[in-house]
Amino acid sequence: MCILIGTMGAGKTTVGRLLAQQLDVGFADTDELIEERSGKAVQDIFVEDGEAAFRAAERATVAQALEEHDGVLSLGGGAVLDPATQALLAPHRVVFLRVGLADAVKRVGLGTGRPLLLGNVRARVKHLLDERTPIYEGLARHTVDTDGREPAEVAAEILIAIQGAPS
């Protein structure tokens, strides 16, 4: 299993799908799994049920996916904030997709559908990067920069990084 972590706009889902194709394995995205199981979009869960309810669903979904999924798994940007999730990730092959502020803002646009970006998008993305980057770095076995790169380039670098590495 290969797990992709990083903030929104890093390309986890796009790169994850490409990587899974290259490895000929399945792909799963925890935000998509949460939406399937709840029948609600992530932003609706935030608005209707609150962030705490979303984080609880996220924690359970990540734990189940780590146990059942054996391909490429993309985690929501905030999933790594939970200490229990951090502990579950420890034995896995975790890749941090690092994105800078300018590229992240460009990729997420106006933040439509991203509940944590309400208000000043650039300031919110900067805050999330500052808060989460040390956690991502601490959990990752490999770090791959995504700024100014095509998803296929990033997937190819990950493939090289994980080939021969213990799972």
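Residue positions are counted from 1 within each chain, in the order its sequence is given. This being a predicted model, a pLDDT of at least 70 is required before a residue's local features are given, and a value of 80 or more before pairs of side-chain atoms are given or counted; all residues contribute to the totals for chains, interfaces and linings. By convention in this description, side-chain values take in all heavy atoms of the structure and omit both hydrogens and water.

A. Highlighting the pairing of strand 4 (residues 93-98). Summarising burial for strand 4: five of the six residues are buried, a large majority. Both strand 1 (residues 2-5) and strand 4 contribute to a ladder of four bridges, which runs parallel. Each residue of the ladder has a partner; that of Cys 2, found in strand 4, is Arg 93. Here four bridges tie strand 4 to strand 5 (residues 142-145), and the two strands are oriented parallel to one another. Bridge pairing links Arg 98 to Asp 145 in strand 5. The classification of residues rests on relative accessible area computed with a 1.4 Å probe and restricted to protein chains. Under 20% of the type maximum is buried, over 50% is exposed, and intermediate values are partly exposed. Helix and strand assignments follow DSSP, with helices taken as H or I runs no shorter than four residues and strands as E runs no shorter than two, numbered in order from the N terminus. Whether two strands pair comes down to DSSP finding at least two bridges between them.

B. Just unusual backbone geometry, in detail. Of note in the backbone geometry, Asp 24 takes a positive phi value of approximately 60 degrees without being a glycine. Here Asp 24 shows up in the loop between helix 1 (12-23) and strand 2 (27-29).

C. Region of interest: the nonpolar core. Residues belong to a common nonpolar core when they are buried Ala, Val, Leu, Ile, Met, Phe, Trp, Tyr or Cys residues joined through side-chain atoms within 4.5 Å. With 22 residues, the main nonpolar core has Cys 2, Leu 4, Val 95, Leu 97 and Ile 158 as its most contacted residues. Counting only elements with at least two residues in this core, the list comes to strand 1, helix 1, strand 4, helix 6 (101-108), helix 7 (121-139) and helix 8 (151-162). Here this core takes five residues from helix 8, the largest share from any one element. Should any heavy atoms of two residues lie within 4.5 Å, those residues are considered in contact. Among all residues touching Cys 2, those that are not within four sequence positions of it are Leu 19, Gly 71, Val 72, Leu 73, Arg 93, Val 95, Ile 158 and Ile 162.

D. Here's a closer look at the packing of aromatic side chains. Stacked, tilted and edge-to-face are the three classes assigned to paired rings of Phe, Tyr and Trp, where Trp is represented by its six-membered ring and a pair needs centres within 6.5 Å; plane angles under 30 degrees give stacked, over 60 edge-to-face, the rest tilted. Inspection of the entire model under this criterion finds two aromatic pairs. Look at Phe 46 and Phe 54: their rings are 4.9 Å apart centre to centre, the planes differ by 35 degrees, and that puts the pair in the tilted class. Take Phe 46: its relative accessible area is 14%, and that puts it in the buried class.

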